[in-house]
Amino acid sequence: MQVETRVRAINCLHFINGQFVESQNQKTFENINPATEEVLGTVAEGGKEEVNFAVAAARRALNGKWKTMGVVQRSKILRRIGDLILERQEELAHLESMDTGKPFSLANSVDVPRAAFNFHFFADYITSVGTDANMQDDIALHYSYRRPVGVVGIIKPWNLPLLLLTWKLAPCLAMGNTAVIKPAEWTPMTATVLMEICKEAGVPDGVVNLVHGFGPNSAGAAISEHMDVDAISFIGEPRTGTAIMKSAADTLKKLSFELGGKNPNIIFADSDLDEVIETTIKSSFVNQGEVCLCGSRIYVERPVYEEFLTRFAERVRTLKVGHPLEADTNVGALVSKEHYDRVNSYIEIAREDGGTILTGGKRPSGYQKGYYLEPTIITGLDRNSRCVREEIFGPVVTVLPFDMEEEVVMQANDTHYGLAATIWTNDLKRAHRVAHQLEAGIIWVNTWFLRDLRTPFGGMKHSGIGRTGGMHSIDFYSELSNITIKL
């Protein structure tokens with residue numbers, strides 16, 4: 001199925017020291033549209049040599065005019081970046097949709113506006129950041145001085161490419177750092193355009209650098225191993241996080257990891273099922289389920305289990321799977337053939353484990369090309385099934401009944417992950433009681449995906465290291481020195 005767009009795909013080059021450049025060896029790879037399987041364009045394939053150039057440029061810029069630029073001027077540049085993102089909103093949304101397979105409507109209403117807001121938020125936030133001062137009787141004055149952490153490697157994922165890159169880059173620049181960015185190889189286009197925007201907004205040459213390429217034994221590894229990279233901010237899956245941690249150990253880099261999730265969505269019988277079902281549709285299938293915060297493990301208290309399941313399945317069947325650029329598409333294409341095959345392999349595991357595929361589990365009719373999968377509800381699985389325990393990261397959820405509060409808390413915590421959780425109940429005491437017992441970095445009660453950028457965000461266990469948001473981001477992207485003045 002052909003759908004026309006006014007926005008053309010772009011060939012993606014590296015951005016180093018304020019210039020777009022090809023790889024030294026001229027190597028490129030193809031960027032594939034997951035909705036059509038057609039080639040969108042070529043991407044420069046970088047490696048150690050390009051990373052070395054980018055890090056050297058970032059190190060020079062760290063000690064240039066960026067170092068002496070005042071907070072107010074940096075704030076103006078960040079705000080200008082946000083403004084320019086909004087000026088190019090439709091273009092960026094189309095590129096994001098073509099790269100990821102997500103509906104254009106989602107990219108245009110959520111991803112791009114939030115990317116702009118990330119810069120606007122930190123533009124405002126840094127103007128109010130202060131430090132501690134302590135008087136030690138009449139002996140001395142102690143005060144804290146906050147400085148940039150240095151050159152930061154930002155390795156970003158493919159599911160929310162622009163949104164999550166800006167979520168890391170904005171506070172990085174706000175605190176006066178420089179950056180070397182590696183986009184996910186499947187989704188290179190909006191990161192490339194963001195470099196144009198940064199330059200137009202007045203970011204000095206060398207402050208932001210972009211190297212396209214792959215992870216192991218390539219650009220990603222070169223960044224995490226580099227002696228002159230002071231910190232790594234990574235969003236992705238735990239195995240890659242482990243590899244980065246190992247490669248960064250020799251240089252004792254500062255690390256911030258946001259990793260995977262297998263998040264419980266706990267529905268008690270006293271909750272408002274109308275609200276629960278509409279929100280659970282989003283928390284299960286938005287962005288094709290390719291969101292680390294999705295509630296992919298649904299637990300329903302037994303008195304309402306059958307009613308929930310019937311109504312939920314009916315509602316899921318109304319979702320339109322279609323080309324991302326069609327206005328009424330709810331669920332687009334998965335990001336790549338590799339990922340499509342991986343998600344489908346879990347559906348086969350569910351069948352082998354005796355599960356029932358209540359909805360979906362197959363390619364929608366009329367789509368012979370593209371990596372499309374119908375929203376899938378699986379029931380009848382044991383809690384030890386791999387489909388219940390492992391992150392699938394697609395439009396696939398499992399639904400299990402429970403009888404006791406203690407039982408569901410135990411099952412919710414019985415995982416290596418600890419990113420997010422959702423609780424649905426109208427019992428205020430229960431909401432607090434269960435929330436305090438869940439091992440997750442962010443816990444929603446009677447809502448989902450509601451964020452205040454001042455609050456801490458991050459995961460426990462295998463879901464991450466550290467927190468971001470507000471002052472937590474400022475702390476990661478800066479170093480504190482205590483200065484003591486004897487009186």
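Remember, it's a predicted structure, so these values are computed and weren't measured experimentally.

1. A short note on the overall build of the chain
Now for step 1: Counting secondary structure elements, the chain contains 16 helices and 22 strands.
Now for step 2: Taking 2.2 N^0.38 as the reference for a compact globule, 487 residues should give roughly 23 Å; the C-alpha atoms of the chain span a radius of gyration of 23 Å, in line with that estimate.
Now for step 3: Each of the three principal axes of the chain carries a C-alpha extent, and together these read 70 × 60 × 40 Å.
Now for step 4: The contacts in the chain between residues at least 6 apart in sequence include a share of 74% that link residues at least 24 apart.
Now for step 5: Here the chain has roughly 19,900 Å² of accessible surface; of this, 51% comes from carbon and sulfur atoms.

2. Re helix α14 (residues 405–413)
Now for step 1: Among the residues of α14, Glu405, Val408, Val409, Gln411, Ala412 and Asn413 are the ones counted as buried.
Now for step 2: In this structure, the buried side of α14 is in contact with β12 (264–267), β13 (297–301), β16 (396–402), α15 (428–437) and β20 (460–461).

3. Notes on the side chain of serine 218
Now for step 1: By the secondary structure assignment, serine 218 is in the loop between β9 (208–210) and α8 (219–225).
Now for step 2: A distance of 3.3 Å separates a polar atom in the side chain of serine 218 from the backbone oxygen of glycine 46.
Now for step 3: Non-local contacts of serine 218, meaning those with residues more than four positions away in its chain, are made with Gly46, Gly47 and Gly213.

4. Focus: the sheet that holds β16
Now for step 1: Read from one edge to the other, the open sheet built from 7 strands follows the order β14-β15-β16-β13-β12-β18-β19, with strand pairing classed as mixed. The sheet is open, and its two borders are formed by β14 (356–359) and β19 (442–445), each paired with just one other strand. Adjacent strand axes in the sheet meet at a mean angle of 25° when their direction is disregarded.
Now for step 2: With 3 bridges connecting them, strand β15 (residues 376–379) and β16 associate as parallel partners. Looking at β16, one finds that isoleucine 377 is bridged to valine 397.
Now for step 3: Where helix α10 (residues 273–285) meets the sheet, it contacts β12, β13, β15, β16 and β18 (420–424), and its direction lies at approximately 170° from that of β12.
Now for step 4: Its contacts with the sheet place helix α12 (residues 337–352) against β14, β15 and β16, and it is angled at close to 125° to β14.

5. Details of unusual backbone geometry
Now for step 1: With phi around 50°, leucine 252 is a residue other than glycine that occupies positive phi space.
Now for step 2: Since its relative accessible area comes to 77%, leucine 252 is described here as exposed.
Now for step 3: Its identity as a non-glycine residue notwithstanding, asparagine 287 has a phi of 55°, on the positive side.
Now for step 4: Tracing the backbone shows asparagine 287 in the loop between α10 and β13.
Now for step 5: Residue class for asparagine 287 comes out buried when judged on its relative accessible area of 2%.

6. Points about a nonpolar patch on the surface
Now for step 1: Side chains of Met135, Tyr143, Tyr145, Ile485 and Leu487 sit close together on the surface and give an oily, nonpolar patch of about 500 Å² of accessible area.
Now for step 2: The topology assignment puts methionine 135 in strand β5 (residues 133–136).

7. Re the environment of valine 203
Now for step 1: Within the element layout of this structure, valine 203 appears in the loop between α7 (189–201) and β9.
Now for step 2: A residue is classified by how much of its surface remains accessible, and valine 203, at 5% relative accessible area, is buried.
Now for step 3: C-alpha separation for the pair valine 203 and lysine 27, spaced 176 residues apart in sequence, amounts to 28 Å.
Now for step 4: Among all residues touching valine 203, those that are not within four sequence positions of it are Ile77, Ile81, Cys198 and Val208.

8. Structural notes on the pairing of strand β8 (residues 178–182)
Now for step 1: Among the 5 residues in β8, 5 count as buried, and that is most of the element.
Now for step 2: Of the two faces of β8, the one holding Thr178, Val180 and Lys182 and the one holding Ala179 and Ile181 are both buried throughout.
Now for step 3: When strand β7 (residues 151–155) meets β8, the two strands line up parallel, connected through 5 bridges. Bridge assignment links glycine 153 to a residue of β8, and that residue is valine 180.
Now for step 4: Considered for its hand, the β-α-β crossover made up of β7, helix α6 (residues 161–174) and β8 is right-handed.
Now for step 5: Where β8 and β9 come together, 3 bridges link them in parallel fashion. Bridging across to β9, valine 180 finds its partner in asparagine 209.

9. Some remarks on helix α3 (residues 71–87)
Now for step 1: Between its terminal C-alpha atoms α3 stretches 24 Å, which fits the 24 Å expected from 17 residues at 1.5 Å a residue.
Now for step 2: For α3, the full list of buried residues reads Arg74, Ser75, Ile77, Leu78, Ile81, Gly82, Leu84 and Ile85.

10. Quick word on the pattern of salt bridges
Now for step 1: Tallied over the entire structure, the rule returns 29 salt bridges.
Now for step 2: Residue glutamate 307 is joined to arginine 311 by a salt bridge in which the shortest nitrogen-to-oxygen separation is 3.3 Å. Separated by 4 residues within a single helix, glutamate 307 and arginine 311 lie in helix α11 (residues 305–316), roughly one turn from each other.
Now for step 3: Classification of glutamate 307 by relative accessible area gives partly exposed; the value is 42%.
Now for step 4: When the shortest N-O distance is used, the salt bridge between glutamate 405 and arginine 433 registers 2.7 Å. You can see glutamate 405 sitting in helix α14 and its partner arginine 433 sitting in helix α15, a full 28 residues away along the chain.
Now for step 5: If you follow the salt bridges from partner to partner, you end up with Asp270, Glu405, Arg430 and Arg433 in one network.

11. Description of the nonpolar core
Now for step 1: Counting 61 residues, the largest nonpolar core has Ile81, Ile85, Phe119, Leu169, Leu173, Leu194 and Val208 as the members making the most contacts within it.
Now for step 2: For this core, the element with the highest residue contribution is helix α5 (residues 104–125), accounting for 10 residues.
Now for step 3: Contacts of leucine 194, omitting those with residues within four sequence positions, involve Ile81, Ile85, Phe119, Leu162, Leu165, Thr166 and Leu169.
Now for step 4: In terms of nonpolar packing, the next biggest core, distinct from the first, is built from 29 residues, Leu373, Ala435, Leu438 and Ala440 among them.

12. Describing the pairing of β18
Now for step 1: Extensive coverage of β18 is indicated by the burial of 5 of its 5 residues.
Now for step 2: Of the two faces of β18, the one holding Ala420, Thr422 and Trp424 and the one holding Ala421 and Ile423 are both buried throughout.
Now for step 3: The pairing of β12 with β18 spans 3 bridges and is classified as parallel. Bridge pairing links isoleucine 267 to tryptophan 424 in β18.

Rules of the game
Residues numbered from 1 in each chain as written. Predicted model: local features only at pLDDT ≥ 70, side-chain atom pairs only at ≥ 80, totals over all residues. Heavy atoms only, no water. Helix = DSSP H or I, 4+ residues; strand = E, 2+ residues; numbered from the N terminus. Rg over C-alpha atoms; globule rule 2.2 N^0.38 Å. Contact = heavy atoms within 4.5 Å. Areas by Shrake-Rupley, 256 points an atom, 1.4 Å probe, with all protein chains shown as cover. Buried < 20%, exposed > 50% of the residue type's maximum accessible area, 1.4 Å probe, protein only. Polar contact = N/O pair within 3.5 Å; in protein donor to acceptor, adjacent residues only side chain to side chain. Pairing = 2+ DSSP bridges. Axes fitted to C-alpha atoms, helices over the stretch in contact; angles between N-to-C directions. Patch = residues over 30% accessible without salt bridge, like charges linked within 9 Å, V, L, I, M, F, W, Y side chains within 5 Å. Salt bridge = Lys/Arg side-chain N within 4 Å of Asp/Glu carboxyl O. Right-handed = clockwise from strand over helix to strand, strands pointing away. Expected span 1.5 Å × (residues − 1). Core = buried A, V, L, I, M, F, W, Y, C linked by side-chain atoms within 4.5 Å.

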